[in-house]
Amino acid sequence: MTRRRKECIVCEKRFTTYEYIEEIELMVKKKDGRLERFDNDKIIKGLQKACEKRPVSIDQMRSIAEEIRQEIIAEGREQVSSSEIGDRVMDHLRKSTMYVM
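Residues numbered from 1 in each chain as written. Predicted model: local features only at pLDDT ≥ 70, side-chain atom pairs only at ≥ 80, totals over all residues. Heavy atoms only, no water.

Chemist: Looking at this model, I keep getting lost on the overall build of the chain. Mind explaining?
Modeler: Each helix and strand in the chain was counted, giving three helices and five strands. Starting at the N terminus and ending at the C terminus, the chain contains elements arranged as β-β-β-β-α-α-β-α. Once the C-alpha set of the chain is aligned to its principal axes, its extents read approximately 70 × 35 × 20 Å. Looking at the chain as a whole, 23% of its 101 residues qualify as buried. For the chain, contacts bridging at least 24 residues in sequence account for 42% of all contacts bridging at least 6. Carbon and sulfur atoms make up 49% of the accessible area of the chain, which amounts to about 7900 Å² in all. Between the centroid of the 22 positive side chains of the chain and the centroid of its 20 negative side chains there is a distance of 2 Å. (Helix = DSSP H or I, 4+ residues; strand = E, 2+ residues; numbered from the N terminus. Buried < 20%, exposed > 50% of the residue type's maximum accessible area, 1.4 Å probe, protein only. Contact = heavy atoms within 4.5 Å. Areas by Shrake-Rupley, 256 points an atom, 1.4 Å probe, with all protein chains shown as cover. Lys, Arg positive; Asp, Glu negative; His and termini not counted. Charge placed at Lys NZ, Arg CZ, Asp CG, Glu CD.)

Chemist: Explain the layout of surface pockets to me, please; I cannot follow it from the model alone.
Modeler: Estimated volume of the largest pocket: approximately 310 Å³. Listed by contribution, the elements that provide at least two residues to the lining of the largest pocket are β4 (35-37), α1 (40-50) and α3 (82-95). No other element matches α3, which puts six residues into the lining of the largest pocket. Considered class by class, the residues forming the lining of the largest pocket number nine nonpolar, three polar and five charged. At three residues, helix α2 (residues 58-74) tops the list of elements feeding residues into the lining of the second largest pocket. Across the lining of the second largest pocket, the residue classes tally to four nonpolar, one polar and five charged. (1 Å grid on protein atoms, 1.4 Å probe; cavity = no way out; pocket = protein on both sides within 12 Å on 5 of 7 lines; lining within 4 Å. Points joined across faces, edges and corners; volume = space filled by probe spheres on them. Nonpolar A, V, L, I, M, F, W, Y, C, P; charged D, E, K, R; others polar.)

Chemist: Where do I start with the side chain of His 92 in this structure?
Modeler: With respect to the helices, strands and loops of the structure, His 92 is situated in helix α3. A distance of 3.3 Å separates polar atoms of two side chains, one belonging to His 92 and the other to Glu 67. In terms of polar contacts, His 92 uses its side chain to reach the side chain of Glu 71, at 2.9 Å. Apart from residues no more than four positions distant in its own chain, His 92 is found in contact with Ile 64, Glu 67, Ile 68 and Glu 71. (Polar contact = N/O pair within 3.5 Å; in protein donor to acceptor, adjacent residues only side chain to side chain.)

Chemist: Quick question: what am I supposed to make of the pairing of strand β2 (residues 14-19) here?
Modeler: The side chains of a regular strand alternate between both faces of the sheet. As paired strands, strand β1 (residues 2-7) and β2 are joined by six bridges and run antiparallel to one another. Across the sheet, Arg 5 pairs through a bridge with Thr 16, a residue of β2. In sequence, β1 turns back onto β2 through a hairpin of six residues, with Glu 12 there showing a positive phi of about 60°. (Pairing = 2+ DSSP bridges.)

Chemist: What is the right way to look at the sheet that holds β4 in this model?
Modeler: In a beta sheet, neighbouring strands pair by backbone hydrogen bonds and run either parallel or antiparallel. Taken in spatial order, the three strands line up as β4-β3-β5 in an open sheet, and their pairing is mixed. A single partner strand is all that each edge strand has here, and the edge strands are β4 and β5 (79-81). Neighbouring strand axes in the sheet, compared pairwise and without regard to direction, differ in orientation by 35° on average. Strand direction decides the pairing type here: strand β3 (residues 27-29) and β4, joined by three bridges, are antiparallel. When the sheet's bridge partners are listed, Val 28 is paired in β4 with Glu 36. Against the sheet, α3 contacts β3 and β5, and its axis sits at roughly 75° relative to β5. (Axes fitted to C-alpha atoms, helices over the stretch in contact; angles between N-to-C directions.)

Chemist: I tried to follow a nonpolar patch on the surface on my own but got confused; where do I start?
Modeler: Residues Met 1, Tyr 18 and Tyr 20 make up a contiguous nonpolar surface patch of roughly 430 Å² in combined accessible area. Here Met 1 shows up in the segment before β1. Look at Met 1 and you get exposed, because its relative accessible area is 67%. (Patch = residues over 30% accessible without salt bridge, like charges linked within 9 Å, V, L, I, M, F, W, Y side chains within 5 Å. Salt bridge = Lys/Arg side-chain N within 4 Å of Asp/Glu carboxyl O.)

Here it is in structure tokens:
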């Protein structure tokens with residue numbers, strides 16, 4: 001939140017305005033057409049299952065989930081398919097040396 005003091009040009013009175021950052025709520029389109037909120041925890045749970053016998057820390061998994069969320073938001077999108085999220089997770093795992101396929 002940003003607080004600003006301004007002055008009216010006509011009456012010369014001062015007033016305060018408040019500015020808020022509007023966050024876009026990212027939605028995930030499921031295969032059956034339903035929409036639900038993007039949830040980093042779901043990605044982390046999937047990564048835990050995929051990497052349970054690999055030396056991958058929970059911090060690395062959290063980092064991957066947050067990077068994916070930030071990438072989608074940076075593209076200016078409000079909606080993404082669940083299969084695209086899965087593809088992005090696999091891309092991140094392939095790029096890193098922590099998961100060899």
